[in-house]
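Observations on the three-dimensional arrangement
This is what each chain is made of:
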Amino acid sequence: MKLRNKINLYTAVLFSVLLLLMNLSIYFLFSNLILESETKGVKEETEKIAEVFNQSTKMAEEGEFLRAYVPIDGMIRIIKPNRQGTLTTTSPTEIELSKEDAIYYTGEISKRMMINHRTYAFASMPIILSDGNVANLQIMKNIERAIENLKILRIVLITVTLIALIPVFISSRLLSDLLIKPVTSMIKTMTEIKQSGQFKRLPLEGKSKDELHEMGETFNHMIDLLETNFEKQKQFVSNASHELKTPLTVIESYASLLKRRGMQEPELFAESIDAIHSEAIRMRDMTEQLLLLAKHNEQWNLHMSEVNLNEFLKQTLHAFQNAYNRKIIFNNELQPSLMVDTDEQKLKQLMYIFLDNARKYSDKAITVAARIKDGQVFIQMIDQGIGIHKDELPKVFDRFYRVDKARNRKSGGSGLGLSLAKELGEVLDIKIDLESKEGIGTTVTLYLQF
Ligand SMILES: Nc1ncnc2c1ncn2[C@@H]1O[C@H](COP(=O)(O)OP(=O)(O)OP(=O)(O)O)[C@@H](O)[C@H]1O
Ligand SMILES: [Mg+2]
């Protein structure tokens, strides 16, 4: 069943049941009240007549007495215990009642009874006859008028219930429309997104700030997020394929050159092999970096351990110095026993990214300084190379961003190093600060917690 119909049905049923219960209780309360008061009235009347009868025992004729007190729509009767000589007087409208069996009651009685499909209030009182014997004075009174009134009340209540159901149905329809409209609009937008493959938003302006508005806003935020991520992904894939195409073209052209003339020209052979080799290495590095970048933060798989920072820095710098044959000045102000909790391999990778840049973009010696200040460990890598222009500084952490593309191709960069460093810094909880002046040099500071 559709949500709209469900809301309609539930509200209508609920309100109908409530109305019905309310009207039923009103009806029963009133009918009880009216019938009780009728019965009570007959009882009181009987009591009064019995009293009069008892006081005027000298009255010559009991039959006369009965005629004087017969109710307008009813019967009055005197019954002896042996039920002989029962005296009955009825009003002209209730002659039929005289045929009813006479029953003698020992005590006082008052009740309602049905005779010939008509309702009567009945009361019986003991009296003392002129001969000293005890008898029953009984009065029966037609209460059909009260029953008629109750019938009218019943009809009024049923009509009121039916009329009241109309606004109930209308308001349940309005309520379901109010709730369903934003949902239907959301479904429509979603279907449009599915069919067109475009990111669309829900129109929200001018609506009250209720939960449905909030739901719409959340939906739009989600679409925003999806769109940005989708754009980033698209950008990344196109950049990556573009970047991988260049080394592949170089490799392909050198390979075909070798195929054609490689055997005859040994110097061409050496040059081609060199080029193919270096491009292949560049591609391998780039692919590795790309794969790392494609990983999400949760998938970084950290191996945290207590690392002696002194030893770590000495080893890392020594290895780097040997690999590239570059002079590194190490200003170490750390205590020899200083331990930090980190992932050693990833920290090394992070330092290599900056040291590699310092090596590529400067010719002089690289300075590395390590010290503690305000409860934090600083590792600084300083080069006196070409530096970065201040307009370029905010962009260097972007994927594939290189300041001077032509020059960097020669130095083998792909523009992924710093974006990888940014991600590594985030997972290792290391703040990275990059300061640079064009023509003067670059200083990178890593802030480690310990
Ligand atoms: N120490 C530095 N001195 C001068 N320019 C730098 C320095 N570090 C980075 N840059 C500039 O920032 C750009 C981005 O650096 P990044 O390390 O991300 O890429 P890359 O070094 O070109 O390539 P790779 O992916 O191989 O590291 C570089 O191309 C370079 O122009
Ligand atoms: Mg780099």
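Being a predicted model, the structure only gives us computed values, none of them experimental.

What about helix H5 (residues 266-294)?
Taking 1.5 Å of rise per residue, the 29 residues of H5 would be expected to cover 42 Å, and the 42 Å separating its terminal C-alpha atoms lies within 8% of that figure. If you check which residues of H5 are buried, you get Leu268, Ser272, Ala275, Glu279, Arg282, Met283, Met286, Gln289, Leu290, Leu292 and Leu293.

Observations concerning the domain arrangement of the chain
Domain boundaries assigned for the chain yield domain 1 (3-151), domain 2 (211-294) and domain 3 (301-448). Measuring from the centre of the C-alpha atoms in domain 2 to the corresponding centre in domain 3 gives 24 Å. Every contact between the two is made by 11 residues of domain 2 and, on the other side, 13 residues of domain 3. Along the contact surface separating domain 2 from domain 3 lie zero salt bridges.

Quick word on the UniProt feature "transmembrane region" (unreviewed entry) in the chain
The feature "transmembrane region" (unreviewed entry), as annotated in UniProt, sits at residues 7-30, 120-140 and 152-170 in this numbering. Secondary structure content for residues 120-140 is 0% helix and 76% strand, while the C-alpha to C-alpha distance between its ends is 6 Å. A helix fraction of 100% and a strand fraction of 0% characterise residues 152-170, whose end C-alpha atoms lie 28 Å from each other.

Some remarks on a negative patch on the surface
Together, Glu44, Glu47, Glu51 and Glu108 give the surface a local cluster of negative charge. With respect to the secondary-structure elements, Glu44 resides in helix H1 (residues 3-55). For Glu44, a relative accessible area of 43% translates into the label partly exposed.

Things to note about the pattern of salt bridges
Scanning all chains against the criterion turns up 15 salt bridges. Linking Glu96 and Lys99 is a salt bridge whose minimum nitrogen-to-oxygen distance equals 3.3 Å. When its relative accessible area of 63% is taken as the criterion, Lys99 is described as exposed. Between Arg201 and Asp224 there is a salt bridge, with the nearest N and O atoms lying 2.7 Å from each other. Linking Arg201 in the loop between helix H3 (144-196) and helix H4 (211-261) with Asp224 in helix H4, this pair joins segments that are 23 residues apart in sequence. A relative accessible area of 32% means that Asp224 is categorised as partly exposed. Residues participating in the shared-partner salt-bridge network are Arg201, Asp224 and Glu227.

Re the side chain of Gln138
Counting through the fold element by element, Gln138 comes out in strand E5 (residues 134-142). Among the polar contacts made by the side chain of Gln138, one reaches the side chain of Asn136 at a distance of 3.5 Å. Setting aside residues up to four positions removed in sequence, Gln138 forms contacts with Met75, Ile76, Arg77, Ile79, Ile103, Tyr105, Phe122, Ala123 and Ser124.

A few points about the sheet that holds strand E9 (residues 366-373)
The strand order across the open sheet formed by five strands is E7-E9-E10-E12-E11, and the pairing between neighbours is mixed. Two strands in the sheet have a free side with no partner beyond their single neighbour: strand E7 (328-332) and strand E11 (431-437). In this sheet, adjacent strand axes meet at a mean angle of 15 degrees when their direction is disregarded. Alignment of strand E10 (residues 376-383) against strand E12 (residues 441-448), held across seven bridges, turns out to be antiparallel. Note that in E12 the partner of Met381 across the bridge is Val444. Sheet strands touched by helix H6 (residues 309-324): E7, E9, E10 and E12. Its angle to E7, the strand with the most contacts, is close to 175 degrees.

About the criteria used
Along each chain, residue indices are assigned from 1 in the same order as the chain's sequence is written. Following the order in which they are written, the chains are lettered starting with A and the ligands numbered starting with 1. A pLDDT threshold of at least 70 governs which residues receive local features in this predicted model, and a stricter bar of 80 or more applies before side-chain atom pairs are shown or counted, although totals over entire chains, interfaces and linings include all residues. Calculation of side-chain values draws on the structure's entire complement of heavy atoms; hydrogens and water are dropped beforehand. Strands are runs of DSSP state E lasting at least two residues, helices are runs of H or I lasting at least four, and both sets are numbered from the N terminus onward. Every helix has an expected span of 1.5 Å times one less than the residues it contains. Burial here depends on accessible area, computed with a 1.4 Å probe over protein chains only, as a share of the maximum for the residue type. Under 20% is buried, over 50% is exposed, and the range in between is partly exposed. Residue ranges for the domains trace back to a domain assignment, done automatically or taken from a database. Contacts are residue-level and defined by heavy atoms, with any inter-residue pair within 4.5 Å sufficient. Should a side-chain nitrogen of Lys or Arg be within 4 Å of a carboxyl oxygen of Asp or Glu, the pair is scored as a salt bridge. UniProt positions are given in the numbering used here, feature names are shortened, and annotations may be inferred rather than shown by experiment. Only residues whose relative accessible area exceeds 30% and that take part in no salt bridge are eligible for patches, with like-charged residues grouped when within 9 Å of each other and nonpolar side chains (Val, Leu, Ile, Met, Phe, Trp, Tyr) grouped when within 5 Å. Per-residue and other accessible areas were derived by the Shrake-Rupley procedure at a 1.4 Å probe size, with only the shown protein chains allowed to occlude residues. Positive charges are assigned to Lys and Arg, negative charges to Asp and Glu, while His and the chain termini are left out of the count. Where a charge sits is defined by one atom per residue type, namely NZ (Lys), CZ (Arg), CG (Asp) or CD (Glu). Throughout this description, a polar contact denotes any pair of N or O atoms lying within 3.5 Å of each other; where both atoms belong to protein, one of them has to be capable of donating a hydrogen while the other can accept it, and for residues adjacent in sequence the pair is counted only when both atoms sit in side chains. A pair of strands counts as paired when DSSP detects no fewer than two bridges linking them. Lines are fitted to the C-alpha atoms to define the axes, a helix being fitted only along its stretch in contact, and any angle between axes, read from their N-to-C directions, falls within 0 to 180 degrees.

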